[in-house]
Amino acid sequence: MDILYWLIIAVVFVIAFIGLVYPIIPSVVFIVAGFVLYGFLFTFSPYSYMFWLVEAVFAAVLFAADYVSNLLGVKRFGGSRAAIWGSTIGLLIGPFVIPVAGIILGPFIGAVAAELIVHQKDIKAAFKIGLGSLIGFLTSVLAKGVIQLIMIGYFLWTVL
């Protein structure tokens, strides 16, 4: 039974990593669900207040990394608040409009469209800002992936 329980926990963690590129899946919720599942399936005894505090800090950093990476990517390439919003909307809608490729194209198209519509920037400047948005998104995925690995590593270190 232990193997089945660990497989279930692993699947929940894998879903959290899928959430890195599909923002509709709340990664943090699935990571915490893995911790809670372990508690219900095995025991909650390894979890101390320090465990939950450390994981909560990492969860906050996870949210911040998402926002800061997008913000820096867009701002560094000359984008406005509209580009940030366009990028975020594109990230949420892109995968549904253009399956698979929408994950990458959504933030880019959203930022470009926002700059063209709201600030009437020329196409070259808008594309540059869209590239910044794409770089911000990819940086965010990398940063959040590392943070999630640390969270899961700390969990495993605590329970094993």
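Data block above holds the structure.
From a predicted model like this one, the values you see are computed outputs, not experimental measurements. (Residues numbered from 1 in each chain as written. Predicted model: local features only at pLDDT ≥ 70, side-chain atom pairs only at ≥ 80, totals over all residues. Heavy atoms only, no water.)

## Digging into the nonpolar core
Within soluble globular proteins, side chains that are nonpolar tend to cluster in buried spots.
Thinking step 1. The biggest cluster of nonpolar side chains holds 18 residues, and the ones touching the most others in it are F13, F35, Y47 and F155.
Thinking step 2. Those elements that provide at least two residues to this core are α1 (2-18), α2 (27-41), α3 (49-76) and α6 (123-159).
Thinking step 3. In contact with F13, other than residues within four places in its own chain, are F30, I31, G34, F35, I152 and F155. (Core = buried A, V, L, I, M, F, W, Y, C linked by side-chain atoms within 4.5 Å. Buried < 20%, exposed > 50% of the residue type's maximum accessible area, 1.4 Å probe, protein only. Helix = DSSP H or I, 4+ residues; strand = E, 2+ residues; numbered from the N terminus. Contact = heavy atoms within 4.5 Å.)

## Observations regarding unusual backbone geometry
Thinking step 1. The phi dihedral of Q120 is positive, around 45°, even though this residue is not glycine.
Thinking step 2. Within the secondary structure, Q120 sits in the loop between α5 (102-118) and α6.
Thinking step 3. Owing to a relative accessible area of 61%, Q120 belongs among the exposed residues under this scheme.

## Side note on the side chain of S27
Thinking step 1. Structurally, the position occupied by S27 is in helix α2.
Thinking step 2. With near-sequence residues (within four places) excluded, S27 lies in contact with A16, G19, L20 and Q148.

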